[in-house]
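Residues per chain are reported as follows:
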Amino acid sequence: MTTGPTLDAVVIGAGVSGLTTAVCLAEAGLRVRVDTDLPVRRTSSAAAGAMWDPYLVEPLDRVLGWSAVSLAEFRLLARDPQSTGVRIRLGTHESRLPCVTPSWMALVDAELCAAEELRPGFVTGWRYGAPVIDMPSYLDYLTRRFVRIGGRMVRRAHASLVEVLAEAPAPIVVNCSGTGARDLVPDRQVMPSRGRLVVVENPGITTFFCDDTPDAPELVYIFPHADTVVLGGTSELDTGELTGDPATARGILERCQAVEPMLHSAVVIDERVGLRPLRPWVRLGEERSRPGLRLLHNYGHGGAGVTLSWGCAREITRLVMDGD
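Residues numbered from 1 in each chain as written. Predicted model: local features only at pLDDT ≥ 70, side-chain atom pairs only at ≥ 80, totals over all residues. Heavy atoms only, no water.

Under an unreviewed UniProt entry, the name given to the chain is D-amino-acid oxidase, and the organism recorded is Kitasatospora acidiphila. Looking at the Cofactor (unreviewed entry) heading of the UniProt record, one finds this comment for the chain: "FAD". Per its UniProt entry, the chain bears the Catalytic activity (unreviewed entry) comment "a D-alpha-amino acid + O2 + H2O = a 2-oxocarboxylate + H2O2 + NH4(+)". (UniProt positions renumbered as here; feature names shortened; annotations may be inferred.)

Here it is as structure tokens:
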């Protein structure tokens, strides 16, 4: 691909979707720049839980395919957890009410729990192994991987895609702006959902837990990393406020302690707040722009940005290379 002296593609956004897309494009041989209005560790992705889990995202048929691709990649990355921040953990999803098991169970060879395996108050559940990702460490890993193969990152805010396309910094622009797409595109179908979590020192927990009770008023999840455990959480629609809230943090801690007594001795070390980019369905594909300039979108991943990241990035890369 010959497009100019220095640049083939610009990716807008340095969250997990933007960085993963940039890595895939650069590893395919393109000269890539990432434009971000925030440092990587201040993006919403840095505040994610995070575990492989197709959560709050559609369309299901495409989601399962993207999730499977990401799962395979994370299993490879988990071979070097110190470098990548990715670990495979065993754990359960459990429900206080009878419920339908998720369609993605087969991807992780999940098995139904026996009654005696369930935590007190839960009536059904399933057990499996899945990637659990320490997001600050993982985003640092993606950044190193991108820069090592010649990628460039710049702090640059864009007011609109019209502005970006008028500037034409490269013949390919990939929009991975997450909740920012609401104003950047603009796309009013994007709705921010605030998620809060609490990070504690790990008192010895090695298995993850998610409360999958249908229509539960609050989220409860426990994701153990090496020296820390991430506890969640919240899902508050249509809010952009990212300040801490001690009362909400206490509530998260108490809900998790009720499920896992070991957490009563855990020391709180951090509170994180981020925004999930909810949308009726993921927007992934190319939008007609003008001759010599290609605009592609990769946003609207709901609560599954990490889970879909490699699958969506690989598809964007195929679209770009097939259209060369």
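So that's the structure; there's more coming.
Glancing now at the UniProt feature "binding site: FAD" (unreviewed entry) in the chain. In the numbering used here, UniProt assigns the "binding site: FAD" (unreviewed entry) feature to Gly 302, Gly 303, Ala 304, Gly 305, Val 306 and Thr 307. Relative to the assigned elements, Gly 302 resides in the loop between β15 (293-299) and α8 (305-322). Accessibility expressed as a relative area gives 6% for Gly 302, which makes it buried. The contact partners of Gly 302, leaving out residues within four places of it in the chain, are Tyr 55, Leu 56, Arg 276, Pro 277 and Leu 278. Residue classification places Gly 305 among the buried positions, given a relative accessible area of 16%. (Helix = DSSP H or I, 4+ residues; strand = E, 2+ residues; numbered from the N terminus. Buried < 20%, exposed > 50% of the residue type's maximum accessible area, 1.4 Å probe, protein only. Contact = heavy atoms within 4.5 Å.)

Turning to the confidence of the model for the chain, a few remarks are in order. For the chain, per-residue confidence averages 95 on the pLDDT scale, and 98% of positions sit at 70 or higher. Taken as a whole, residues 1-5 scores under 50 in pLDDT and shows ten contacts with residues more than four places along the chain or in a different chain. (pLDDT = per-residue confidence, 0-100.)

A word on the packing of helix α1 (residues 16-27) against helix α4 (residues 135-148). Put simply, α1 and α4 touch, their axes get as near as 9 Å, and they point 25° apart. As judged from the angle between their axes, α1 and α4 are roughly parallel. Considering only the axes of α1 and α4, their crossing is left-handed. Along its contact with α1, which presents Val 16, Leu 19, Thr 20, Ala 22, Val 23, Ala 26 and Glu 27, the element α4 presents Met 135, Tyr 138, Leu 139, Leu 142, Thr 143, Arg 145 and Phe 146. (Axes fitted to C-alpha atoms, helices over the stretch in contact; angles between N-to-C directions. Parallel < 35°, antiparallel > 145°, perpendicular 65-115°, else oblique. Left-handed = near helix turned anticlockwise from the far one by under 90°.)

On to the side chain of Ser 70, then. Relative to the helices and strands, Ser 70 resides in helix α2 (residues 60-77). Its relative accessible area of 0% is what places Ser 70 among the buried residues. Excluding anything up to four places from it in sequence, Ser 70 contacts Val 306, Thr 307, Leu 308, Ser 309, Trp 310 and Gly 311.

For the rest of this paragraph, the subject is α8. Taking 1.5 Å of rise per residue, the 18 residues of α8 would be expected to cover 26 Å, and the 24 Å separating its terminal C-alpha atoms lies within 8% of that figure. The largest bend along α8 reaches roughly 30° and is located at Gly 311. The buried count for α8 comes to 13 of 18 residues, which makes it a mostly enclosed element. (Expected span 1.5 Å × (residues − 1). Bend = angle between axes of the 7 residues up to and from the residue.)

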